[in-house]
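Structural description and commentary
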Amino acid sequence: MTVIVTNSYDDSCLHAARMIREVVSAQPHAKLGLATGGTPLPIYRQLIAWCKSGELSFANTRTVNLDEYVGLQGNHPQSYRYFMDENLFNHINIDKANTYVATGLGNPEESAAQLEAKVYEGGVPALQLLGIGANGHIGFNEAGTTLTAKSHVEELAASTIEANARFFDTAADVPTKAVTMGMKGILAAESLVLVATGANKKAAISGLLMNDVVTPENPATFLKLHKNATVIIDTHLADLIGYQY
Ligand code: F6R
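Residues numbered from 1 in each chain as written. Predicted model: local features only at pLDDT ≥ 70, side-chain atom pairs only at ≥ 80, totals over all residues. Heavy atoms only, no water.

As a further point, take the site of the ligand. As a matter of local geometry, the ligand sits amid 14 residues, with Thr39, Asp67, His137, Gly139 and Lys201 nearest to it. Take Gly139: an N or O atom from its main chain is 2.7 Å from an oxygen atom of the ligand. Here an oxygen atom of the ligand and a side-chain polar atom of Arg166 are 2.9 Å apart. Against a free-state accessible area of 410 Å², the protein chains account for coverage of 93% of the ligand. A molecule is said to occupy a pocket when more than half its atoms come within 2 Å of that pocket's grid points, and by this definition the ligand occupies the largest pocket. Residues belonging to the shell around the ligand are distributed by class as follows: three nonpolar, eight polar and three charged. (Near = heavy atom within 4 Å. Polar contact = N/O pair within 3.5 Å; in protein donor to acceptor, adjacent residues only side chain to side chain. Areas by Shrake-Rupley, 256 points an atom, 1.4 Å probe, with all protein chains shown as cover. 1 Å grid on protein atoms, 1.4 Å probe; cavity = no way out; pocket = protein on both sides within 12 Å on 5 of 7 lines; lining within 4 Å. Sits in = over half its atoms within 2 Å of the grid points. Nonpolar A, V, L, I, M, F, W, Y, C, P; charged D, E, K, R; others polar.)

Written as structure tokens, this is what we have:
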């Protein structure tokens with residue numbers, strides 16, 4: 001695992017955006033694995049800026065997203081399809097037909113099976129972007145998940161529902177289930193880039209960076225088994241966990 005410690009969250013996002021730019025420039029037909037949530041927003045803003053200035057083209061890029069809430073239609077403002085359209089796809093020259101976010105409607109098991117197929121269709125992602133939950137979840141793989149889990153329907157942890165309630169009117173509006181890529185598909189990507197910031201990620205990132213333990217209780221620790229994983233944190237988070245840089 002490569003650990004990068006930057007001076008600020010903005011710098012972390014710039015670093016991650018540059019890693020994505022490198023992949024897209026070198027392999028215009030590459031598939032990118034993408035994430036939602038608050039963390040990647042500045043990364044997406046940077047990619048949009050480069051695309052608008054002509055420095056980067058997504059004309060032939062394909063994408064697959066980590067997860068989607070069960071029960072939300074793609075035009076629901078809190079659905080992850082809507083999030084991706086609003087925060088990235090609508091502002092870059094990507095062909096939407098080449099973007100895949102699992103469907104939140106219909107049979108969730110079938111949606112998970114479709115997502116699983118999309119992870120591998122035409123080759124695995126060259127780069128999978130990741131955030132991390134306060135409890136260490138990756139995608140929506142909550143504590144207790146397995147290394148071999150394929151895309152599946154996950155019952156969200158109470159802490160995840162609480163964390164995501166900030167995007168909804170009330171916690172009761174947060175879906176309790178999601179379709180998520182499993183750890184197997186996530187670890188299949190050629191490279192992984194995880195960005196983390198904020199004191200609420202302290203325990204999860206400490207488990208990832210401060211020991212050699214791999215445990216399903218902190219799914220992020222599975223990244224220790226990947227041959228090309230980069231974790232980008234800022235000095236504030238590094239200091240909080242006592243990581244030397
Ligand atoms: C989102 C996802 C989640 C988030 C995690 C952190 O697609 O897979 O694992 O990355 O919940 O969310 P934020 O970035 O909002 O702290």
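With that settled, the discussion passes to the sheet that holds strand 8 (residues 177-180). Overall, antiparallel pairing links the three strands, which are arranged 4-8-7 in an open sheet. Edge positions in the sheet fall to strand 4 (67-69) and strand 7 (152-155), since each has one partner strand and no second. Sheet twist, expressed as the average angle between the axes of neighbouring strands with direction ignored, equals 30 degrees. Bridge count for strand 4 against strand 8 is three bridges, and the pairing is antiparallel. The residue of strand 8 that forms the bridge with Glu68 is Val179. Docked against the sheet, helix 4 (residues 108-120) engages strand 7 and strand 8, running at close to 25 degrees with respect to strand 8. (Pairing = 2+ DSSP bridges. Helix = DSSP H or I, 4+ residues; strand = E, 2+ residues; numbered from the N terminus. Axes fitted to C-alpha atoms, helices over the stretch in contact; angles between N-to-C directions. Contact = heavy atoms within 4.5 Å.)

Of the strand pairs in this sheet, strand 7 and strand 8 are connected by four bridges, and their pairing is antiparallel. Along strand 8, the bridge assignment pairs His152 with Thr180.

Before going further, it helps to examine the pairing of strand 10 (residues 229-234). Where burial is concerned, most of strand 10 is hidden: six out of the six residues are buried. Taking every second residue as pointing to the same face, both faces of strand 10 are buried, with Ala229, Val231 and Ile233 on one and Thr230, Ile232 and Asp234 on the other. Pairing between strand 1 (residues 2-6) and strand 10: five bridges, direction parallel. Bridged to Ile4 within strand 10 is Ile232. Strand direction decides the pairing type here: strand 9 (residues 192-196) and strand 10, joined by five bridges, are parallel. Of the residues in strand 10, the one forming a bridge with Leu192 is Ala229. Considered for its hand, the β-α-β crossover made up of strand 9, helix 7 (residues 202-209) and strand 10 is right-handed. (Buried < 20%, exposed > 50% of the residue type's maximum accessible area, 1.4 Å probe, protein only. Right-handed = clockwise from strand over helix to strand, strands pointing away.)

Everything listed here is a matter of coordinates, which is why it stays silent on function.
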